[in-house]
Structures are given as C-alpha cells and as structure tokens.
Amino acid sequence: MAKEEPLTPAASDIRGVLQEAQEAGEPVALRTTSAATSSDDMPTVAIPLGEIAGTPTSQARRQSTRLRRLAAGNPLKRLARRAVITVFGWWTAFSTRLVRQLGWFPSVKPYVGYGTEEYSRLVCRTIYAPTHAKPHTPMRGIHAMLEVPAAGERVRLSIDDVPLRTVQVGTMEIYDRVDPSRSRTMDYSVSDSAGYLDLLAEHRLEPGIHTVSCRVPRRPPVDAELFTIPSDTRIGVISDVDDTIMVTQVPTIWKAAYNMMLLSPRKRASVPGMAVMYNDIRRMFPNAPFFYLSTSPWNVESSIRRFITDYGFPDGPLLLRDLDPRPKTFIPSGVQHKLEYAEQLMEDFPDMKFILIGDDGQKDPTTYAEIARRYPGRVLSIAIRQLSPREASGGLPLAAVTATQPVPVTEVPVFMGSTGSNLRKTMLPYLQSFAPSAGSGEEL
C-alpha cells in the first residue's frame, strides 16, 4: 500500500510460475496482487502453493489446476461465465448509484483472523451502509447477499491499537505463502473491486486472542478477534458448517435457499449432539484451534458466528468464500474452495495434525479423503455426519431413497454417525490415545 503505487507479485514468483507452465506445456495468466490495480475482466488462474514452492504434492495440485483450466476452456461455460460476470457488474453499478443517492457511504466489516506468533491472516470488506449501521449485526441471508461492495476504499488497520503498516496483499480464494519480498510498508490498504481486502501481516504476537481494528474515512473503527495460535500446537480441528453443525439441508436446493436466505439467524437449528462432541474434543485437546470451513459467502459471517456462540461451539476463525465472480473471473467450486483453504492451513501449521469433521450431504467424504492423500500423516481422523434420507431429500417422499456419499476410501480412520452422540461413542475413544498424558502437557 505504498500510497499511490500498485503492488505486484515478486518477480521471482512470476518467473517460477511461468517456468512451470512451460514445463507443463500450458499457458498461464497472472494478475497483480494489488486489489487497487486489478481489473474485472483480467483472466486469472488459481495456482496452488505446491506448484510454486515445488512441494512433493505439486503433481497432484498441478493436475487439479489443469482440470480447472480445461473446464474454463469450454465455450458454453465461457459464455455462461461472461454472462454472469456482466450481469453482476450491471447490478453492482446500479446498486452503487442507488445507495449513493440514498446518502450511504463506505463502511468496513472485519472478519475474525488467525495466525501464528510470526504472522497473521486478516480479511475485511468495505461495503456501503447507512450512517448508523452496525457492521456485525446478524441479518437474514437475503439482506446480507444484497450488500453493495465499496471498491477501492482505503482501510487503516491496527492490532491491539498498534498501527499495522507492513503487509502483504493477497488474492481472495488463492493461498498466499509468506513472502517478505512482497511485503510493503504503507499507511493504508486498498480494497478490491468486490470490496475485499486479504492481508498477510508479519509481526510478533503472543499466543492468544488479540483485537484487530479496521477503519475507513468518516466511520468509527470496527473490531474483530484475531486468534494467534502457538506454532508448536500439535492438534487442530477443521469443521464444515452446513449440515455438520448447523441444519441447512444443503443437498435440497430449495430448502438450503430458504434456510440461508430467508430464515432468521436466531432460528437456525443445531445438529443434535455436535456441540457436546466439539467441547469434548476441546477438553481432550485444550490447545486445539477450531477452524470452521464453509462454502457460505462472507456476507453471512456474522450470522454463522452468532450461531456458533449461541449453541456453545468452541470459538474459532471462519473460512468462507467470496461469491463475487469478477475479481477472479468466476466463483470457485465448493470442493476447490475447501481444498485450497485446507492447503493454507496445512502450510501455515506444518507441525499440526488435523481432525476433519464434515457430512455426507455434499462432497466432504471425497474432499477429506483427497486432503488425507495429499498430506500423508497430517490427518488424525475423519468424522462424517450422515444425513438421513429425509434430510437429504428435503422431506420429499419421491426422493426418500436418495443415497448420500459412501464412506471415503482412505487409510485414515473414518467415523460415521447421524448425530454428535453417535460420533462421540466411536471417535472419542480413538482420539483419547492421542490426548496429552496426565501431567505431561504434551500432545502426541
């Protein structure tokens, strides 16, 4: 964020990506990492860390990226994507003019961040809002989805009241490794065309919960939590949200749409027994961080966080996705989104082993099996909550025999159950063998 200069990736990063593209015989398109200089129609390619850093899993990730490129090459898909992006651009331009006429002006919504003692990952979004709007107020999904992004806004950040000036600007939905050569010292950061700001800040913080404060002109600062996780933590939990801890009935489109868009945030139902199981895991591994990974958009972050608090689940960062297709050409799939965030966590905490918890209503079984395959020895166990035929079909009798996904094929222990109580009976005795021994205070 040097005050008026665009931020671009380090030349070494670009050379490395181009070299790998040449070796694979494929074209590659790169975008700048500065949200202020990106253009809406600029072609982008999500390049996982393995392809840049040359990790042992680079071949599998290169294949995944290649498949995405092939899909992007389909003429009908390209036409559909261009149509969606065009309509979204029209809607954004129209809504921006409308809210400005109503006297609304930019505000900022920081989301809960996480990091180590050495660096933190921070996400916030600038949107238009009335003068007296409260940024973290939970709202119905339909209202949250209609938020109007305020593009190119200057955001000043601080951690525990200490101004944050040296940061690395990242790209939403793509893993950004720590690279000091890409860090810039500046007075403010600039949000992208969707209003998002994805930052990686290098600093020194004590483990614990800190406060991130974000501020835009004409508005008071807005705070969010920052979870600083000790680098020597040995166990972590990655949990899905929809139909794993919160009843949304995602396999049934009309039910999921109603629950997400129209249902009051205070009327969301919890999956029976899951909060008890999560707190049992927290007691078993007191230092274990909980990461909540969902394909829901950042717009509903406040509602999901209120749900986590109200039902007594362990607090932790939410890792959601951006549904604005313009900055990255199109919306990533749910599987791609979860794999890339899992990759980010695996790389951020190389000494940590993870407990993966999801459900069989979407593609969590195969997604988690793929994570275990890419990172051998890093997944401690997989828990899959089984949806009933009625849940999977939305209560429609004709679809009562609809089958959910089978047990994932993996060498990692997999535990299946329809409720948290069922999973507790089978998985917790297994996890107990990895819990800190009496008086040792050490995991594993």
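Residues numbered from 1 in each chain as written. Predicted model: local features only at pLDDT ≥ 70, side-chain atom pairs only at ≥ 80, totals over all residues. Heavy atoms only, no water.

Draft legend 1. Here's a closer look at the pattern of salt bridges. Summed over the entire model, instances satisfying the criterion amount to 13 salt bridges. Salt-bridge contacts for Arg305 lead to Glu301; the nearest nitrogen and oxygen are separated by 3.3 Å. Of the two residues, Arg305 and Glu301 are both situated in helix 8 (residues 301-310); the distance of four residues between them amounts to about one turn of the helix. Judged by its relative accessible area of 3%, Glu301 is buried. One connected set of salt bridges, linked through shared partners, spans Lys109, Arg125 and Glu147. (Salt bridge = Lys/Arg side-chain N within 4 Å of Asp/Glu carboxyl O. Helix = DSSP H or I, 4+ residues; strand = E, 2+ residues; numbered from the N terminus. Buried < 20%, exposed > 50% of the residue type's maximum accessible area, 1.4 Å probe, protein only.)

Draft legend 2. Spatial organisation of the side chain of Ser381. Mapped onto the secondary structure, Ser381 falls in strand 15 (residues 379-385). Residue class for Ser381 comes out buried when judged on its relative accessible area of 0%. The residues touching Ser381, leaving out its near neighbours within four places in the chain, are Phe354, Ile355, Leu356, Val412, Pro413, Phe415, Met427, Tyr430 and Leu431. (Contact = heavy atoms within 4.5 Å.)

Draft legend 3. Looking closely at the nonpolar core. One finds Ile281 and Ile355 to be the most contacted residues of the largest nonpolar core, which totals 64 residues. Broken down by element, the residue count for this core peaks at six residues, all from helix 7 (residues 274-284). When residues no more than four places from it in sequence are discounted, the contact partners of Ile355 are Ile235, Gly236, Val237, Ile238, Ile281, Phe285, Leu380, Ser381, Met427 and Leu431. With 19 residues, the next largest nonpolar core counts Leu157, Leu197, Leu199 and Ala201 among its residues. (Core = buried A, V, L, I, M, F, W, Y, C linked by side-chain atoms within 4.5 Å.)

Draft legend 4. The side chain of Glu117, seen in detail. Among the structural elements, Glu117 can be located in the loop between strand 1 (105-115) and strand 2 (119-129). One buried charged residue, Glu117, forms no salt bridge at all, with the nearest opposite charge on Arg204 at 5.3 Å. In this structure the side chain of Glu117 is engaged in a polar contact, spanning 3.1 Å, whose partner is the backbone nitrogen of Ser231. (Lys, Arg positive; Asp, Glu negative; His and termini not counted. Polar contact = N/O pair within 3.5 Å; in protein donor to acceptor, adjacent residues only side chain to side chain.)

Draft legend 5. Molecular detail of the sheet that holds strand 13 (residues 318-321). Overall, parallel pairing links the six strands, which are arranged 13-12-11-14-15-16 in an open sheet. On the outer flanks of this sheet lie strand 13 and strand 16 (414-417), each paired with one strand and no other. Recorded for the sheet is a direction-independent mean angle of 20° between the axes of neighbouring strands. Bridge count for strand 15 against strand 16 is four bridges, and the pairing is parallel. Each residue of the ladder has a partner; that of Ala383, found in strand 16, is Phe415. In this fold helix 8 packs onto strand 12 (290-297) and strand 13, with an angle of close to 150° to the strand it touches most, strand 13. Contacts from helix 12 (residues 420-432) reach strand 14 (353-359), strand 15 and strand 16 within the one sheet, and its direction differs from that of strand 15 by about 175°. (Pairing = 2+ DSSP bridges. Axes fitted to C-alpha atoms, helices over the stretch in contact; angles between N-to-C directions.)

Draft legend 6. Geometry of the packing of aromatic side chains. This structure, assessed with the given rule, holds eleven aromatic pairs. Between Trp91 and Phe94, the ring centres sit 6.5 Å apart and the planes meet at 45°, which makes this aromatic pair tilted. Taken together, the residues span about one helical turn, with Trp91 and Phe94 both in helix 4 (residues 75-101) at a distance of three residues. Judged by its relative accessible area of 36%, Trp91 falls in the partly exposed class. An aromatic cluster is built from Tyr278, Phe290, Phe307, Tyr311 and Phe313, whose rings are joined through pairwise contacts. Above the face of the Phe105 ring, Arg218 is positioned so that its terminal group lies 4.0 Å from the ring centre. The cationic tip of Arg219 hangs over the ring face of Phe105; the distance from NZ or CZ to the ring centre is 3.9 Å. (Phe/Tyr/Trp six-rings, centres within 6.5 Å; stacked < 30°, edge-to-face > 60°. Lys NZ or Arg CZ within 6 Å of the ring centre and 35° of its normal.)

In short, geometric facts, not functional conclusions.
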